[in-house]
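# A structural walkthrough
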Amino acid sequence: MRIPATDHELNTLDNLEFQNPHFIMETLSSNISLALLILILVYIWSTSTTIMSGNSVHVCVSSRKLNNLYCISAGTKPGFHFPLLPNTSIGTIHNGNSVIIDTRSIDVAPLAIESTTIGTLLPIVGTGTKRDEDHHRDFVVDEDVIEQHLRLHRSWSSEHTGSTSSCTGRRVYVYDLPTKFNKDLLIGRCGDKCFDNGGLGKPIEKLDKGWYDTHHYFLEPIFHSRVLNHQCRVHNEDEAMLFYVPYYGGLWHLKNVSRDTLDLDLIKWLESKKSWSHNFGKDHVFVLGLGTTRFLHLAQMKNPTKLLIEREPWDVNQIGIPSPTYFHPHSDDDILSLQLQAMRSPRRSLVSLIGSTWSNQSSDSNNIISMLIKQCVGLPTELCKFLDCGSGECNRPELVIELFMESEFCLHPPGDRFTRKWLFDSLVSGCIPVLFSPFTAYYQYPWHLPEEDEKYSVFLDQEEVMQQRVNVVERVMRTSSRHREDMRRFIVYELLPGLVYGDSSSQLVKFRDSFSITLDNLIKWVNRLE
């Protein structure tokens, strides 16, 4: 063991040690070790992600030789979750209480992690290669946190029946935005036809009263039209409790516009308003349909409530609401008529499936839709009936509704997104949904679907289906006729009214539609801010 020299001895020993080969080797070894340490630190820094969340700092390191992304955390609030790099895996992967969510065709903001400050630090599994063409991204989410969010959202549920004429504490202000933020985004696609019947589209002549050829993603103009006609709308922002921003941000793709520029222009416009700064945007609501992740994760969008067809389950201020169906009642009688039709309709097919065989999905061996199509097409139609979107049949609403009305069970596998635009049309037709991911419905719609999901749906594990351990038709065939009838009655009589959007001048008294439920719950929430 080498003993350090004293200050007095240094000058004498210096020349002797310099001539000692052992000293030279030890010095070289120390220098090499120091150099290696520096290289290792540089490598760790270049391959790691440092994330500050709340009062915590997390350093996460990935390696091609490690399956997991390992994180070291320090601070008083280590709980959070965050996005991972693009990945080739498809579907939902369970890992204890954590879930890796793979979303497709969704741009994820680089700073999305700034708003994810709730949850439990989790091991991240399943890193893979990048697929730029699909824009795949994986997210790690703690299922317990999702359940907490859903319980919180359900606690906002209002029992308001809509029968009272009082608007005390219920006043809503609608911003008069420049048309470039809403109407102009649709004019370039379909002209004034986009606004037929308040965004519902044209009536479907082959179906009964109340059915319209509605675009499933036109949530923004439909909601906008209803708010403009709401009895508690006020024109003085000082009187309002809730502020609605009619930005059609989820429909940006319908016109060739610069999304980022438009988003920032809107924020600049809002920041000029006193009402925006009063509660830091907490009493503001956006209805964004499909939503744009970049906009959702702007710092200024942290506080407002965002209503979407498909929510990001890690954001507590995002709430899923139903996508528009083809049915839009004007009166209570319209709903009663549909309920009677759905209960009396003969169910000629056990199972039905809508999908496409022409896209690249059919060549993807890991795609559950392709797997279900293979199971279905070889069976007689009384067991499974398939409607092929590749032939254009999906663009005919009367064929879609006829299929759902005549089916016991409707399959809703995740595709480009976890949610399925046909889900709510099948429900209002009395068809029992078969789901393969909890993110298709269970984690999306706390205000419109009950926590007891077994009352209205059948769940089959996606991985079991993919590995051919489960045959879907054989599994649902085991459901007794009595149980099917009980589920259908619950869907039709308990859920159906709250899953449809009435027309722009609807006069519902006995029932609350999806719009009324949503607005009542929002008002209950903002009243808690006072």
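Residues numbered from 1 in each chain as written. Predicted model: local features only at pLDDT ≥ 70, side-chain atom pairs only at ≥ 80, totals over all residues. Heavy atoms only, no water.

Going by an unreviewed UniProt entry, the protein carries the name Exostosin GT47 domain-containing protein and comes from Linum tenue. Per UniProt, the protein carries the Subcellular location (unreviewed entry) text "Golgi apparatus membrane". Quoted verbatim from the Sequence similarities (unreviewed entry) field of the UniProt record, the comment on the protein reads "Belongs to the glycosyltransferase 47 family." (UniProt positions renumbered as here; feature names shortened; annotations may be inferred.)

## Topic: the overall build of the protein
Looking only at helices and strands, the protein has 16 helices and 18 strands in total. Counting every position in the protein, which comprises 530 residues, the buried fraction comes to 51%. For the protein, long-range pairs separated by at least 24 residues make up 72% of all intrachain contacts whose partners lie at least 6 apart in sequence. (Helix = DSSP H or I, 4+ residues; strand = E, 2+ residues; numbered from the N terminus. Buried < 20%, exposed > 50% of the residue type's maximum accessible area, 1.4 Å probe, protein only. Contact = heavy atoms within 4.5 Å.)

## Thoughts on the packing of aromatic side chains
Enumeration according to the criterion identifies 17 aromatic pairs in this entry. Ring plane angle 45° and centroid distance 5.6 Å describe the contact between Phe418 and Phe439, whose orientation is recorded as tilted. Taken as a pair, Phe418 in the loop between β16 (407-412) and α12 (423-428) and Phe439 in the loop between β17 (432-435) and β18 (458-459) lie far apart in primary sequence, 21 residues in all. Each member of the pair, Phe418 as well as Phe439, carries the same accessibility label: buried. (Phe/Tyr/Trp six-rings, centres within 6.5 Å; stacked < 30°, edge-to-face > 60°.)

## Points about helix α10 (residues 368-377)
Of all 10 residues making up α10, eight are buried, and the element is well covered by its neighbours. Its side-chain oxygen placed 2.9 Å from the backbone nitrogen of Ile369, Asn367 serves as the N-cap of α10. (Polar contact = N/O pair within 3.5 Å; in protein donor to acceptor, adjacent residues only side chain to side chain.)

## Describing the pairing of strand β12 (residues 305-308)
Side chains on a regular strand alternate between the two faces of the sheet. The alternating pattern of β12 places Thr305 and Leu307 on one face and Lys306 and Leu308 on the opposite face, and all of these are buried. The pairing of β12 with strand β13 (residues 318-320) spans three bridges and is parallel. By the bridge assignment for β13, Leu308 is matched with Gly320. (Pairing = 2+ DSSP bridges.)

## With respect to the side chain of Glu406
Relative to the assigned elements, Glu406 resides in the loop between α11 (397-405) and β16. What Glu406 contacts, discounting residues up to four positions off in sequence, is Ser345, Pro346, Arg347, Arg348 and Ser349.

## Overview of unusual backbone geometry
The residue Asn197 is not glycine, and still its phi comes out positive at about 55°. The class for Asn197 is partly exposed, based on a relative accessible area of 38%.

## A look at the pairing of β17
Residues Ile432 and Val434 point to one face of β17 and Pro433 and Leu435 to the other, with burial holding for every one of them. Here β16 pairs with β17 via four bridges, running parallel. Bridge pairing in β17 links Cys410 to Pro433. When β17 meets β18, the two strands line up parallel, connected through two bridges. Within β18, the residue paired with Val434 across the bridge is Val458.

## Here we look at the environment of Arg233
By the secondary structure assignment, Arg233 is in strand β9 (residues 233-234). Its relative accessible area of 26% is what places Arg233 among the partly exposed residues. Dropping the residues within four chain positions of it, Arg233 is found in contact with Val172, Val174, Val227 and Leu228. A distance of 3.4 Å separates a polar atom in the side chain of Arg233 from the backbone oxygen of Leu228.

## Brief notes about the packing of helix α9 (residues 332-344) against helix α15 (residues 481-495)
Between α9 and α15, the least distance of the axes is 10 Å, while the angle of their chain directions is 165°. Comparing their axes, α15 and α9 come out roughly antiparallel. Crossing of α9 over α15 shows right-handed handedness. Facing Gln339, Ala342 and Met343 of α9, the residues of α15 in contact are Glu485, Arg488, Arg489, Val492 and Tyr493. Grouping the constituent residues of the contact of α9 with α15 by class yields four nonpolar, one polar and three charged. (Axes fitted to C-alpha atoms, helices over the stretch in contact; angles between N-to-C directions. Parallel < 35°, antiparallel > 145°, perpendicular 65-115°, else oblique. Left-handed = near helix turned anticlockwise from the far one by under 90°. Nonpolar A, V, L, I, M, F, W, Y, C, P; charged D, E, K, R; others polar.)

## Structural notes on the sheet that holds β13
An order of β9-β8-β10-β11-β12-β13 is seen for the six strands of this open sheet, with the pairing classed as parallel. Of all strands in the sheet, those bounded by a partner on one side alone are β9 and β13. With three bridges connecting them, strand β8 (residues 172-174) and strand β10 (residues 242-245) associate as parallel partners. When the sheet's bridge partners are listed, Val174 is paired in β10 with Tyr244. Lying on the sheet, helix α5 (residues 219-228) is in contact with β8, β9, β10, β11 (284-289) and β12; it crosses β11 at an angle near 140°.

## Here we look at α11
Along an α-helix, a turn takes 3.6 residues, which lines up residues three or four apart on a common side. The element α11 is largely enclosed, with a buried count of seven among its nine residues. Every buried residue of α11 is accounted for by Pro397, Glu398, Val400, Ile401, Leu403, Phe404 and Met405. Looking at the buried residues of α11, the elements they touch are α9, β14 (349-355), β15 (384-388), β16 and α12.

## Let's talk about the pattern of salt bridges
What the rule picks out here adds up to 14 salt bridges. The partner of Glu398 in a salt bridge is Lys206, and the shortest N-O contact between them spans 4.0 Å. Taken together, the residues span a long stretch of sequence, with Glu398 in helix α11 and Lys206 in the loop between α4 (183-190) and α5 at a distance of 192 residues. You can call Glu398 buried: its relative accessible area is 16%. On the basis of relative accessible area, Lys206 is assigned to the exposed category, the value being 64%. Between Glu408 and Arg488 there is a salt bridge, with its nearest N and O atoms 2.4 Å apart. (Salt bridge = Lys/Arg side-chain N within 4 Å of Asp/Glu carboxyl O.)

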